[in-house]
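For reference, the chains in residue letters:
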Amino acid sequence: MLSDDTFSRRSAGPVAPGATNRRGALALLVSWAVAAGTSARAERPLVVASKSDTEGALTGAMIALVLEHLGVPVVRKLGLGPTLIVREALLSGEVDIYPEYTGNGAFFTGTETDPAWKIPQEAYETIRRKDAERGLVWLARAPANNTWLIALNGDFARTRHLATMADFARAANDGLILLAASTEFVESPAALPSFEAAYGFSLPLDRIVSLPGGDTAVTARAAAQRISGVNAGMVYGTDGALAALDLVVMGDPKAAQIVYEVAPVIRASALERYPAIGPALARVFAGLDAPTLRGLNGRITVDGEVADRVARRYLNERGLIG
């Protein structure tokens, strides 16, 4: 059993000449090392990533440009890969921030049938709360729903006065629709089957041209050009080529689809180091409504501009970076 003065006796005794100086020097070295380590952590660049799609490249470039404007050191990994690869990189710490869609939270959490994912605010709050447990922070989202939609050939839609999925359902039941879509869109319960259940139609497989990839540029062009008789195509809500291809997007008044609003997702540790990132990116994403994103995406997909240049011009024109 230790007595009350055990530790004081262990430290008692004569002090060798110069020991005080050596201890002081050692303490100084330790303090320098701690300071250097803290500085290195503070200066470690934040890795900004995005998925390998047009809007990902655009919004990822916006994030990188804003961080650089704030004086944050940045390494870019834009176009890193599909959703699961970029998400895993964020969770593992290989990536610090990237733009993600609220609706993907349904798949991250395995709760695709929860009706919350079809309500913008509830979808955002649900994934924000769930990801906080993983050390991730969802910053302010853009007011644009980049969900799955169906667009029709412009002439075909106008001739038959087709504007919503209810109109589409009547045309489908009359055998007038030939849809080009990805296999995922056709088979996923959250996509075409959700539309069919909500609007009361059933599109037989012989009225669908099913494609293995999810490239809406292919499905949209097929509908626009009536390739092989196709007059309808799977699209996303903020696709840039919709206006250029003269497609009419069918409205979804019954909210059959999960909401996909884009927002920056950042590791909490990175945000703690640079808290100014939150309000700075909130100002950017607040202005990205659906018409704005369609226009910016169109400069890339239709006009052939580079995503970084489109992002830089947009941010400069609005005084969001200098």
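As a reminder, the structure under discussion sits directly above these lines.
Residues numbered from 1 in each chain as written. Predicted model: local features only at pLDDT ≥ 70, side-chain atom pairs only at ≥ 80, totals over all residues. Heavy atoms only, no water.

1. Comments concerning the packing of helix α3 (residues 54-69) against helix α14 (residues 290-301)
Taken N-terminus to C-terminus, the directions of α3 and α14 make an angle of 110°; their axes are 10 Å apart at the nearest point. Judged by the inter-axis angle, α3 sits roughly perpendicular to α14. Facing T54, E55, L58 and M62 of α3, the residues of α14 in contact are L293, L296, N297, I300 and T301. In the contact of α3 with α14, the residues fall into 5 nonpolar, 3 polar and 1 charged. (Axes fitted to C-alpha atoms, helices over the stretch in contact; angles between N-to-C directions. Helix = DSSP H or I, 4+ residues; strand = E, 2+ residues; numbered from the N terminus. Parallel < 35°, antiparallel > 145°, perpendicular 65-115°, else oblique. Contact = heavy atoms within 4.5 Å. Nonpolar A, V, L, I, M, F, W, Y, C, P; charged D, E, K, R; others polar.)

2. Considerations on the sheet that holds strand β8 (residues 232-236)
Whenever strands of a sheet pair, they do so through backbone hydrogen bonds, lying parallel or antiparallel. Read from one edge of the open sheet, 5 strands run β7-β6-β8-β5-β9, paired in mixed fashion. The strands lining the two open edges of the sheet, one partner per strand, are β7 (208-211) and β9 (247-249). Sheet twist, expressed as the average angle between the axes of neighbouring strands with direction ignored, equals 35°. Two elements, strand β5 (residues 148-153) and β9, share 3 bridges in a ladder whose sense is antiparallel. Its bridge partner lying in β9, A151 is registered against V249. Each of β5, β6 (179-182), β7, β8 and β9 is contacted by helix α11 (residues 216-225), which is oriented at about 145° to β8, the strand it contacts most. (Pairing = 2+ DSSP bridges.)

3. Quick word on helix α8 (residues 165-173)
Listing the buried residues of α8 in full gives M165, D167, F168, A169, A171 and A172. Two residues or fewer past α8, G175 is found with a positive phi of approximately 75°. (Buried < 20%, exposed > 50% of the residue type's maximum accessible area, 1.4 Å probe, protein only.)

4. Side note on the packing of α14 against helix α15 (residues 307-317)
Close contact between α14 and α15 brings their axes to 9 Å; oriented N to C, the two are set at 140°. Between α14 and α15, the interaxial angle falls into the category oblique. As α14 packs across α15, the resulting crossing turns out to be right-handed. Residues T292, L296, R299 and I300 of α14 lie in contact with α15, whose contacting residues are A307, V310, R313 and Y314. Residues belonging to the contact of α14 with α15 are distributed by class as follows: 5 nonpolar, 1 polar and 2 charged. (Left-handed = near helix turned anticlockwise from the far one by under 90°.)

5. Remarks on the pairing of strand β1 (residues 46-51)
Of all 6 residues in β1, 6 are buried, a share of seventy percent or more. Residues L46, V48 and S50 point to one face of β1 and V47, A49 and K51 to the other, with burial holding for every one of them. Judged from the 5 bridges that link them, β1 and strand β2 (residues 74-81) form a sheet pairing that is parallel. Each residue of the ladder has a partner; that of V47, found in β2, is V75. Handedness of the crossover is the feature at issue here: the chain leaves β1, passes through α3, returns alongside β2, and the resulting connection is right-handed. (Right-handed = clockwise from strand over helix to strand, strands pointing away.)

6. Observations regarding the nonpolar core
One broad rule of soluble globular proteins: the nonpolar side chains tend to lie buried together. Of all hydrophobic cores here, the largest spans 57 residues; its most connected members are M62, L67, I277 and L281. In terms of residue count, the dominant contributor to this core is α3 (8 residues). Excluding its chain neighbours within four sequence positions, the residues that come into contact with L281 are I63, V66, L67, I97, L139 and P264. Listed in part, the 27 residues of the second largest apolar core include L152, A171, L203 and A256. (Core = buried A, V, L, I, M, F, W, Y, C linked by side-chain atoms within 4.5 Å.)

7. Section: the side chain of T219
Looking at the secondary structure, you find T219 in helix α11. Residue T219 is classed as buried on the basis of its relative accessible area of 1%. A polar contact of 3.2 Å, which involves the side chain of T219, links it to the backbone oxygen of T216. (Polar contact = N/O pair within 3.5 Å; in protein donor to acceptor, adjacent residues only side chain to side chain.)

8. A closer look at the side chain of K51
Checked against the element boundaries, K51 lands in strand β1. Here K51 falls in the buried class, since its relative accessible area comes to 6%. Engagement of the side chain of K51 in a polar contact is seen with the side chain of T83, the distance being 3.0 Å. Discounting chain neighbours no more than four positions away, the residues touching K51 are G56, A57, G79, L80, G81, T83, V86, Y98, P99, E100, Y101 and N104.

9. Description of the pairing of strand β3 (residues 97-101)
Among the 5 residues in β3, 5 count as buried, and that is most of the element. Relative to strand β10 (residues 262-267), β3 runs antiparallel, the two sharing 5 bridges. From the neighbouring strand, Y98 faces β10, where its bridge partner is V265.

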